[in-house]
Amino acid sequence: MSPHPVNGLDDVVHQRARLGILAILNETTKTDFAYLKDALELTDGNLSRHLTVLEEANLIDVEKGYEGKRPRTWVKITKLGKKALAYEVEALKTLVKRVEQTR
Amino acid sequence: MDSARAEQILDSLEEISRETRRARHGYWFPLLLSGLIVLGDLPFSYFRLGHYGGSFNSFHGLCLCAVDSNHPFGSTLYWLLAVPLGYAAIAAYYFIRGRRTGLKARIWPYVVTGIALFALMILTATQVPKPLRFMYRLDNWRYYAHFNQGFMPVVVISLALFVLAKLERSKMLLFISLVNFAVAVLANTYNISNVGQRIHWIWPDWAANLAAAGGFLVFVGLLSLLVLGLGGGRHEPAPR
């Protein structure tokens with residue numbers, strides 16, 4: 001018997017906000033911290049925590065710098081992050097398909 | 001996790017990806033600028049700028065065409081300056097837009113392709129010494145020889161747009177690029193003024209061809225601007 005697709009879901013990626021972060025980053029080369037915060041309706045602290053988890057798992061790169069006197073943080077998805085997102089989406093699709101087949 | 005929840009997450013992801021792509025799209029600018037660059041050749045051709053008297057046919061500048069044609073030198077110089085400067089302006093626009101919207105996207109493959117194709121096109125021109133001329137051996141290739149209107153920069157611009165469509169991941173831009181390519185080929189191979197004559201709208205051949213190619217790009221550029229907006233405005237969060 002094949003393993004249940006739920007087993008394919010990665011705990012680091014699967015969290016809803018983190019999936020959203022990876023989905024946005026997958027569409028750009030670099031995304032601003034403020035854009036992610038606005039788009040996902042997260043607080044600064046909440047977004048920072050999610051980014052730290054993703055960065056520690058090597059799924060994203062965070063670049064902190066300044067533009068003039070204003071601090072600005074850019075976030076970039078890594079190759080591993082792209083793979084993890086694709087794998088997660090595939091696992092979710094498999095789960096949906098499997099349930100539809102058993103109906 | 002149940003399938004309804006999984007389906008909901010997949011829908012949300014699709015929605016948020018689509019929203020991001022839409023917020024990132026800035027292709028109205030290259031379309032509009034390219035169109036204006038094409039139309040910008042009209043006065044150079046009309047006033048024959050850079051044509052130093054004598055028989056018009058006896059003096060060509062570096063005609064940007066595959067077979068001998070009668071294009072004024074000023075027009076050639078215009079293309080040689082306008083196309084690279086246009087690509088530089090597009091690169092600058094995307095850079096500034098990326099900083100303003102907080103969404104940076106790759107643009108250099110489009111710019112490099114456009115400039116490389118333009119350089120390749122110069123090497124096909126009839127006035128380039130034969131050893132350097134890229135298409136010399138293919139001069140008799142009958143399909144290529146039909147490109148005798150001297151508007152090869154229009155084809156170069158249209159080909160590079162396919163790269164932009166891929167970078168922007170936009171099916172709409174891909175469709176626009178396909179139609180634009182057809183218009184560009186038509187402008188290089190057919191006297192579009194023939195169509196105008198049927199409705200008693202008499203234009204010189206070159207003017208009708210330039211106006212059709214440039215006018216189409218300006219039209220779709222303005223239409224895209226209306227649909228996409230200038231960008232950099234407040235982003236509407238995707239429903240969650």
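Nothing here was measured: the structure is a model prediction, and the numbers come from that model. (Residues numbered from 1 in each chain as written. Chains lettered and ligands numbered in written order. Predicted model: local features only at pLDDT ≥ 70, side-chain atom pairs only at ≥ 80, totals over all residues. Heavy atoms only, no water.)

Q: It is not clear to me how the confidence of the model for chain B should be interpreted in this structure. Could you clarify?
A: Should pLDDT be low for a region, the predicted coordinates there are not to be read in detail. Residue and element names in this part refer to chain B. The pLDDT averaged across chain B works out to 77; a share of 67% of its residues lies at or above 70. Across chain B, helix 2 (residues 28–39) holds the top mean pLDDT of 95, while helix 6 (residues 142–145) sits lowest at 46. Ignoring residues within four places in sequence, the model shows residues 50–62, a span with pLDDT below 50, making 31 contacts including any to other chains. For this predicted complex, the interface score ipTM comes out at 0.82, alongside a pTM of 0.79. (pLDDT = per-residue confidence, 0-100. Helix = DSSP H or I, 4+ residues; strand = E, 2+ residues; numbered from the N terminus. Contact = heavy atoms within 4.5 Å.)

Q: Explain the pattern of salt bridges to me, please; I cannot follow it from the model alone.
A: Side-chain pairs of opposite charge can arise where the charged atoms are in close proximity. What the rule picks out here adds up to 9 salt bridges over all chains. Between arginine 21 of chain B and glutamate 27 of chain A there is a salt bridge, and its shortest N-O distance comes to 2.9 Å. Placement of the pair is arginine 21 of chain B in helix 1 (residues 3–24) and glutamate 27 of chain A in the loop between helix 2 (16–25) and strand 1 (30–32), with the two residues belonging to separate chains. Of the two residues examined, arginine 21 of chain B and glutamate 27 of chain A, each falls in the buried class. (Salt bridge = Lys/Arg side-chain N within 4 Å of Asp/Glu carboxyl O. Buried < 20%, exposed > 50% of the residue type's maximum accessible area, 1.4 Å probe, protein only.)

Q: What am I meant to see in the interface of chain B and chain A here?
A: By a frequent convention, interface size equals the accessible area lost on bringing the separate parts together. Listed per partner, the contact involves 32 residues of chain B and 31 residues of chain A. Of the roughly 2,800 Å² buried at the junction of chain B and chain A (both faces included), carbon and sulfur atoms supply 59%. As a salt-bridge pair, glutamate 27 of chain A and arginine 169 of chain B come within 3.3 Å of each other at their nearest N and O atoms. Our count for the chain B to chain A interface comes out at 10 residue pairs in polar contact (both at pLDDT 80 or more). Contributing elements (two or more residues each) for the side of chain B that touches chain A: helix 1, helix 4 (73–101) and strand 1 (103–104) of chain B. Among the elements that make up the side of chain B that touches chain A, the one with the highest residue count is helix 1 of chain B (16 residues). Within the side of chain B that touches chain A, the residues separate by chemical class into 11 nonpolar, 9 polar and 12 charged. (Buried area = accessible area lost by both parts, 1.4 Å probe. Polar contact = N/O pair within 3.5 Å; in protein donor to acceptor, adjacent residues only side chain to side chain. Nonpolar A, V, L, I, M, F, W, Y, C, P; charged D, E, K, R; others polar.)

Q: Just checking my understanding: could you explain the pairing of strand 3 (residues 70–77) of chain A for this structure?
A: Each regular strand shows side chains that alternate between the opposite faces of the sheet. All names here are of chain A. As paired strands, strand 1 and strand 3 are joined by 2 bridges and run antiparallel to one another. Among the inter-strand pairings, threonine 31 is bridged to a residue of strand 3, identified as valine 75. Relative to strand 3, strand 2 (residues 60–67) runs antiparallel, the two sharing 8 bridges. Residue pairing for strand 3: aspartate 61 is matched across the bridge by lysine 76. (Pairing = 2+ DSSP bridges.)

Q: Hey, could you run me through the confidence of the model for chain A in this one?
A: When pLDDT is averaged along chain A, the result is 86; 85% of the residues meet or exceed 70. Ranking the helices and strands of chain A by mean pLDDT puts strand 1 of chain A first, with 95, and helix 1 (residues 11–14) of chain A last, with 66.

Q: Can you help me understand a nonpolar patch on the surface in this one?
A: On the surface, Phe219, Leu223, Leu226 and Val227 of chain B cluster together into a nonpolar patch covering about 450 Å² of accessible area. When its relative accessible area of 53% is taken as the criterion, phenylalanine 219 of chain B is described as exposed. (Patch = residues over 30% accessible without salt bridge, like charges linked within 9 Å, V, L, I, M, F, W, Y side chains within 5 Å. Areas by Shrake-Rupley, 256 points an atom, 1.4 Å probe, with all protein chains shown as cover.)

Q: Help me understand the nonpolar core in this model?
A: In summary, soluble globular proteins display a tendency toward joint burial of nonpolar side chains. Core analysis: the biggest nonpolar cluster contains 44 residues, and Leu31, Val38, Trp79, Tyr87, Tyr110 and Leu164 of chain B have the highest contact counts within it. Breaking this core down by element, the ones donating at least two residues are helix 2, helix 4, helix 5 (108–122), helix 7 (152–168), helix 8 (171–189) and helix 10 (205–228) of chain B. Take this core: its biggest share by element is 10 residues, from helix 7 of chain B. Sequence-distant contacts of valine 38 of chain B, defined by excluding residues within four places in its chain, comprise Trp79, Val154, Ile157, Leu210, Ala213, Gly214 and Leu217 of chain B. By size, the runner-up hydrophobic cluster in this structure holds 31 residues, among which are Ala23, Ala84 and Leu92 of chain A together with Ile9 of chain B. (Core = buried A, V, L, I, M, F, W, Y, C linked by side-chain atoms within 4.5 Å.)

Q: What is the right way to look at the sheet that holds strand 1 of chain A in this model?
A: Within a sheet, adjacent strands bond to each other through the backbone by hydrogen bonds, running parallel or antiparallel. Strands sit in the order 2(A)-3(A)-1(A)-1(B) across an open sheet of 4 strands; the sheet is antiparallel. Looking along the sheet, the strands with just one partner apiece sit at the ends: strand 2 of chain A together with strand 1 of chain B. Along the sheet face, helix 2 of chain A touches strand 1, strand 2 and strand 3 of chain A and points at about 90° away from the line of strand 3 of chain A. (Axes fitted to C-alpha atoms, helices over the stretch in contact; angles between N-to-C directions.)

Q: Can you walk me through the packing of aromatic side chains in this structure?
A: For any pair of aromatic rings, the description rests on two quantities: the centre-to-centre distance and the angle between the ring planes. All chains considered together, the criterion is met by 7 aromatic pairs over all chains. With 5.6 Å between their ring centres and 85° between their planes, tryptophan 28 of chain B and phenylalanine 29 of chain B make a pair best called edge-to-face. In terms of burial, tryptophan 28 of chain B and phenylalanine 29 of chain B fall into one category: buried. Their ring planes at 75° and their centres at 5.8 Å tell us that tryptophan 28 of chain B and tyrosine 93 of chain B sit as a pair that is edge-to-face. Placement of the pair is tryptophan 28 of chain B in helix 2 and tyrosine 93 of chain B in helix 4, with a sequence separation of 65 residues. Accessibility expressed as a relative area gives 8% for tryptophan 28 of chain B, which makes it buried. Three or more aromatic residues joined by ring pairs make a cluster, and in this case those are Trp28, Phe29, Tyr93 and Tyr94 of chain B. Directly above the ring of tryptophan 74 of chain A sits lysine 104 of chain B, whose terminal nitrogen or CZ lies 4.3 Å from the centroid. (Phe/Tyr/Trp six-rings, centres within 6.5 Å; stacked < 30°, edge-to-face > 60°. Lys NZ or Arg CZ within 6 Å of the ring centre and 35° of its normal.)

Q: Looking at this structure, how should I read the environment of isoleucine 9 of chain B?
A: All names here are of chain B. If you trace the backbone, isoleucine 9 turns up in helix 1. For isoleucine 9, a relative accessible area of 4% translates into the label buried. In sequence terms isoleucine 9 and phenylalanine 95 are 86 residues apart; their C-alpha atoms lie 32 Å from each other.

Q: Even after reading the chapter, I still don't get the packing of helix 2 of chain A against helix 4 (residues 44–56) of chain A, so can you show me in this structure?
A: For any two helices packed against each other, one specifies the crossing angle of their axes together with the interaxial distance. All names here are of chain A. Between helix 2 and helix 4, the least distance of the axes is 10 Å, while the angle of their chain directions is 75°. With respect to their mutual orientation, helix 2 and helix 4 come out roughly perpendicular. From helix 2, Ala17, Arg18, Ile21 and Leu22 reach across to helix 4, where they touch Leu47, His50, Leu51, Val53 and Leu54. When its residues are assigned to classes, the contact of helix 2 with helix 4 shows 7 nonpolar, 1 polar and 1 charged. (Parallel < 35°, antiparallel > 145°, perpendicular 65-115°, else oblique.)

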